[in-house]
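What follows is each chain in one-letter form.
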Amino acid sequence: MLNIALCDDTNVELARVERFTLEYPFTKVEVDTFGSGQKLLQYVAKNKTEYNIYLLDIEMADMDGISLAKKVREFDNKAVIIFVTNYDEYMPDVFKVQTFDYILKPVNKETLFEVLQRADHYLHSSHSYFEFSYERNKLIINEDEIMYFEKSGRAAHIYTETKEYKCNQTTSQILAQLDPMAFTQIHASYIINLKYVVGIKCENIMMKRIVNGEIQDTYLELPISRKYKKDFKQKMMNYMRKRF
């Protein structure tokens, strides 16, 4: 079930989005509506209500949606936040508050259902997700897509099958987010996803090399330090047993 909070200071638009949301066909939903950000925050504080999804209008008089989202993030870092707006000029700002998506007005049912379905899948997926800031935006990517991390000073480069990202997190902060059954550190500079391991050769781990989503004939070799070898081998064995 999805527990959804809708907030818009325009009654007509609030009623329209509520009607569409209640018609969402893939999962049972419960919806609470609020005419202002202050009313939403007061209700949550008084009733200790937890919402899976917040659908927030950006252009509100007493407290705009971005300011409201920042307040929500003070007590809930896991809920999905979706903005509804008349203008796409807000896009750079909305992703600073760990936003899942945004929908342009007038909201149509098909677009709303598509976004809700992705949010539903995200909330109930067995996959884990890695959260980080990149170019002033807060992003969430599926851990399965991460091949490895490379630390370089204070920065960490994140390599996926199709893209490279950069974030400023310590090795400990990165490992704290990752599934310890799927990821392991092999060097002071490298954390790898066991899914992409092909084998070990001398002092190197051989990884699948993927370019533009296609597996290459050659392997990527990353160094493994002696102190991490035993742990790597044990984790690799456990991973293979779990997988097969």
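Coordinates for the structure precede this section.
Presented here is an overview of the structure given in this document. What you are looking at is a predicted structure, and each value in this text was computed from that prediction instead of being measured.

Another aspect to go through is the environment of T33. Looking at the secondary structure, you find T33 in strand 2 (residues 29-34). In sequence terms T33 and L14 are 19 residues apart; their C-alpha atoms lie 7.3 Å from each other. Dropping the residues within four chain positions of it, T33 is found in contact with L6, L14 and E18.

This brings us to the packing of helix 1 (residues 11-22) against helix 5 (residues 109-124). The geometry of helix 1 relative to helix 5 is characterised by a closest axis approach of 10 Å and an angle of 60° between their N-to-C directions. Between helix 1 and helix 5, the angle is such that the two are oblique. Considering how the two elements wind past one another, helix 1 and helix 5 form a crossing that is right-handed. Contacts between helix 1 and helix 5 involve V17, F20 and T21 from the first element and K109, L112, F113 and L116 from the second. Looking at side-chain class alone, the contact of helix 1 with helix 5 contains 5 nonpolar, 1 polar and 1 charged residues.

Our focus in this paragraph is the packing of helix 2 (residues 37-47) against helix 3 (residues 65-75). Interhelical geometry of helix 2 versus helix 3 gives an angle of 15° and a closest axis separation of 10 Å. Here helix 3 runs roughly parallel to helix 2, going by the angle between their axes. The way helix 2 lies across helix 3 gives a crossing that is right-handed. Mapping the contact onto sequence places G37, L40, L41 and V44 in helix 2 and L68, K71 and F75 in helix 3. Classifying every residue of the contact of helix 2 with helix 3 gives 5 nonpolar, 1 polar and 1 charged.

Moving on: the packing of aromatic side chains. In this description, a pair of aromatic rings is defined by centroid distance and the angle of the planes. A complete count under the given rule lists 11 aromatic pairs for this structure. Ring centres of Y148 and Y159 lie 4.6 Å apart, and the angle between their planes is 20°; this geometry places the pair in the stacked category. Here Y148 is found in strand 8 (residues 146-152), whereas its partner Y159 is found in strand 9 (residues 155-160), with 11 residues between them in sequence.

Listed in full, the buried residues belonging to helix 2 are G37, L40, L41 and V44. Seen from one end, helix 2 has its buried residues packed into an arc of 95°, which puts them on one side. The exposed set on the far side of helix 2, more than 90 degrees from its buried face, consists of K39, Q42 and K46. For helix 2, the elements touching its buried residues are strand 1 (2-7), strand 2, strand 3 (53-57) and helix 3.

Right, let's talk about the pattern of salt bridges for a bit. Pairing between side chains of opposite charge can happen when the charged atoms of each approach one another. On inspection of all chains with the given rule, the structure shows 6 salt bridges. Taking the shortest distance from any N to any O, the salt bridge between R118 and D101 comes out at 2.2 Å. Of this pair, R118 sits in helix 5 while D101 sits in strand 5 (residues 101-104); the two residues are 17 residues apart in sequence, bridging distant segments of the chain. Given a relative accessible area of 16%, D101 falls into the buried group. Taken together, the shared-partner salt bridges in this structure form one network comprising D8, D57 and K105.

Conventions adopted
Residues numbered from 1 in each chain as written. Predicted model: local features only at pLDDT ≥ 70, side-chain atom pairs only at ≥ 80, totals over all residues. Heavy atoms only, no water. Helix = DSSP H or I, 4+ residues; strand = E, 2+ residues; numbered from the N terminus. Contact = heavy atoms within 4.5 Å. Axes fitted to C-alpha atoms, helices over the stretch in contact; angles between N-to-C directions. Parallel < 35°, antiparallel > 145°, perpendicular 65-115°, else oblique. Left-handed = near helix turned anticlockwise from the far one by under 90°. Nonpolar A, V, L, I, M, F, W, Y, C, P; charged D, E, K, R; others polar. Phe/Tyr/Trp six-rings, centres within 6.5 Å; stacked < 30°, edge-to-face > 60°. Buried < 20%, exposed > 50% of the residue type's maximum accessible area, 1.4 Å probe, protein only. Arc of directions from axis to C-beta. Salt bridge = Lys/Arg side-chain N within 4 Å of Asp/Glu carboxyl O.

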